[in-house]
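This is what each chain is made of:
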Amino acid sequence: MLRVGILQLDVQVGDRKANFSRVNELLSRAFVPSKLPTAIVLPELWDTGYALEKAQALASDEGNETATFLGDLAKKYNTWFIGGSTLAKTSAGIKNRAQVIDPRGELIAYYDKVHRFPLMDEDKYLAPGDRDCIFNWEGFESGCVICYDLRFCEWIRCYALKGVKALFISAEWPAARAKHWDILLKARAIENQMYVISCNRCGATGKDTFDGGSLVVDPGGEVLLDAGNLEGLWFVDIDISKVDQARSTVPVFKDRVPHLYKVLGP
Ligand SMILES: O=C(O)CCC(=O)C(=O)O
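Residues numbered from 1 in each chain as written. Predicted model: local features only at pLDDT ≥ 70, side-chain atom pairs only at ≥ 80, totals over all residues. Heavy atoms only, no water.

Caption draft 1: Molecular detail of the overall build of the chain. Looking only at helices and strands, one finds 7 helices and 15 strands in the chain. Computed over the C-alpha atoms, the radius of gyration of the chain is 17 Å, within 12% of the 18 Å expected from 2.2 N^0.38 for a compact globule of 266 residues. Dimensions of the chain, computed from the C-alpha atoms along their principal axes, are close to 50 × 50 × 35 Å. Evaluated residue by residue, the chain yields a buried proportion of 52% over its 266 residues. Sequence separation of at least 24 residues holds for 69% of the intrachain contacts in the chain that already meet a minimum separation of 6. Roughly 11800 Å² of accessible area belongs to the chain as shown, and the carbon and sulfur atoms make up 53% of that amount. Of the charged side chains in the chain, 32 are positive and 35 negative; the average position of the first set lies 2 Å away from that of the second. (Helix = DSSP H or I, 4+ residues; strand = E, 2+ residues; numbered from the N terminus. Rg over C-alpha atoms; globule rule 2.2 N^0.38 Å. Buried < 20%, exposed > 50% of the residue type's maximum accessible area, 1.4 Å probe, protein only. Contact = heavy atoms within 4.5 Å. Areas by Shrake-Rupley, 256 points an atom, 1.4 Å probe, with all protein chains shown as cover. Lys, Arg positive; Asp, Glu negative; His and termini not counted. Charge placed at Lys NZ, Arg CZ, Asp CG, Glu CD.)

This is how it looks when you write it as structure tokens:
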């Protein structure tokens, strides 16, 4: 069993210091040795929120400021931080970057959001990522994506075809489309027969409201954890062997007919 912690946060927009201190507070309150999780997941842009018009000022070089903060926490609590994105200044522009940090505090992988969300002007302010993010988490192929990426079943399928068994999704998915979030998380878990481990923002900024609703869904589509709409750190135990069980019970991957799936044109 692997224990996962979902840190559902009400993000303070443009205020990295406030978000850092809130995360510190929630972690120190929740931690007792018997509850130690193997990984903690944070929301998308958890450290600065969506203040993209100020992205240039808020981004840190390669996202290092936030990676250093999480690295120290990873060592302190002997846990992974997986997902939870930050604005990263790179030579190709500013990216919405999810970070994967191991218990030694090392940044071992990162993911730059591939599908930019036009309703939040990401295409105007951010440069897109151009690759997936697959890494070994405690002996298991795992991956991460960010928010809007969830709508692209073909992208998530690529992760499954590369052997991913646990997919981490960080998001700031608004309440207005909470139903889509809920259904798509379950669908991606069922169709790919993998764990989907998600962390969404809660709370509100002006008129924008976020319902949280972070779910951990098993490969059969069962919801193991629903964090509701409140801020907090929630724990759940997952058994990765259920992925192989699901894939052998209904052999979807064996029964694919890929030569019929080829699309003509872009
Ligand atoms: O797809 C959606 O409805 C929400 C996506 C989103 O909020 C994001 O990618 O930041």
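Caption draft 2: Broad picture of a nonpolar patch on the surface. A contiguous nonpolar surface patch, about 300 Å² in accessible area, is contributed by Val257, Leu260 and Tyr261. Positionally, tyrosine 261 belongs in the segment after helix 7 (241-249). By relative accessible area, tyrosine 261 is classed as partly exposed at 45%. (Patch = residues over 30% accessible without salt bridge, like charges linked within 9 Å, V, L, I, M, F, W, Y side chains within 5 Å. Salt bridge = Lys/Arg side-chain N within 4 Å of Asp/Glu carboxyl O.)

Caption draft 3: Broad picture of the sheet that holds strand 14 (residues 223-226). The strand order across the open sheet built from 6 strands is 7-8-9-10-13-14, with neighbouring strands paired in mixed fashion. Since the sheet does not close on itself, it has two edges, and those belong to strand 7 (134-137) and strand 14, each with one partner. Each strand axis lies, on average, 20 degrees off the axis of its neighbour in the sheet, ignoring direction. Here strand 10 (residues 195-200) pairs with strand 13 (residues 215-217) via 2 bridges, running antiparallel. For isoleucine 197, the partnering residue across the bridge sits in strand 13 and is valine 216. (Pairing = 2+ DSSP bridges. Axes fitted to C-alpha atoms, helices over the stretch in contact; angles between N-to-C directions.)

Caption draft 4: Summary view of the site of the ligand. As a structural note, the neighbourhood of the ligand is formed by Glu44, Tyr50, Lys113, Phe117, Cys147, Tyr148, Arg151, Glu172, Trp173, Pro174 and Arg177. With respect to the ligand, the side chain of glutamate 44 contributes an N or O atom lying 3.3 Å from an oxygen atom. Tyrosine 50 has a polar side-chain atom sitting 2.9 Å from an oxygen atom of the ligand. Taken by itself the ligand offers 300 Å² of open surface, and the protein chains cover 99% of this. A per-class count over the shell around the ligand returns 6 nonpolar, no polar and 5 charged. (Near = heavy atom within 4 Å. Polar contact = N/O pair within 3.5 Å; in protein donor to acceptor, adjacent residues only side chain to side chain. Nonpolar A, V, L, I, M, F, W, Y, C, P; charged D, E, K, R; others polar.)

Caption draft 5: Region of interest: the side chain of arginine 188. Secondary-structure assignment places arginine 188 in helix 6 (residues 178-192). For arginine 188, a relative accessible area of 6% translates into the label buried. Excluding its chain neighbours within four sequence positions, the residues that come into contact with arginine 188 are Leu150, Arg151, Phe152, Cys153, Ile156, Met194 and Val196.

Caption draft 6: Region of interest: the pattern of salt bridges. This model, assessed by the stated rule, comprises 21 salt bridges. Aspartate 182 is paired through a salt bridge with lysine 186; the nearest N and O atoms lie 2.7 Å apart. Taken together, the residues aspartate 182 and lysine 186, both in helix 6 and 4 residues apart, mark about one turn of the helix. Aspartate 182 gets classed as partly exposed once you look at its relative accessible area, which sits at 25%. Residues participating in the shared-partner salt-bridge network are Arg22, Glu25, Arg29 and Glu231.

Caption draft 7: Focus on helix 6. Given a rise of 1.5 Å per residue, 15 residues ought to cover 21 Å, and the 21 Å separating the end C-alpha atoms of helix 6 matches this to within 8%. Buried within helix 6 are the following residues: Trp181, Leu184, Leu185, Arg188, Ala189 and Asn192. Along the long axis of helix 6, the arc covered by the buried residues comes to 130 degrees, so they all point the same way. The secondary structure elements touched by the buried residues of helix 6 are helix 5 (153-161), strand 9 (166-171), strand 10, strand 13 and helix 7. One or two positions beyond helix 6, positive phi appears at glutamine 193, with a value near 50 degrees. (Expected span 1.5 Å × (residues − 1). Arc of directions from axis to C-beta.)

Caption draft 8: Region of interest: the environment of valine 164. Considering the arrangement of structural elements, one finds valine 164 in the loop between helix 5 and strand 9. Counting along the chain gives 21 residues from valine 164 to glycine 143, while the straight-line C-alpha distance between them is 6.3 Å. In this structure valine 164 touches Ile134, Glu141, Ser142, Gly143, Tyr159, Met194 and Arg247, once residues within four positions along its chain are discounted.

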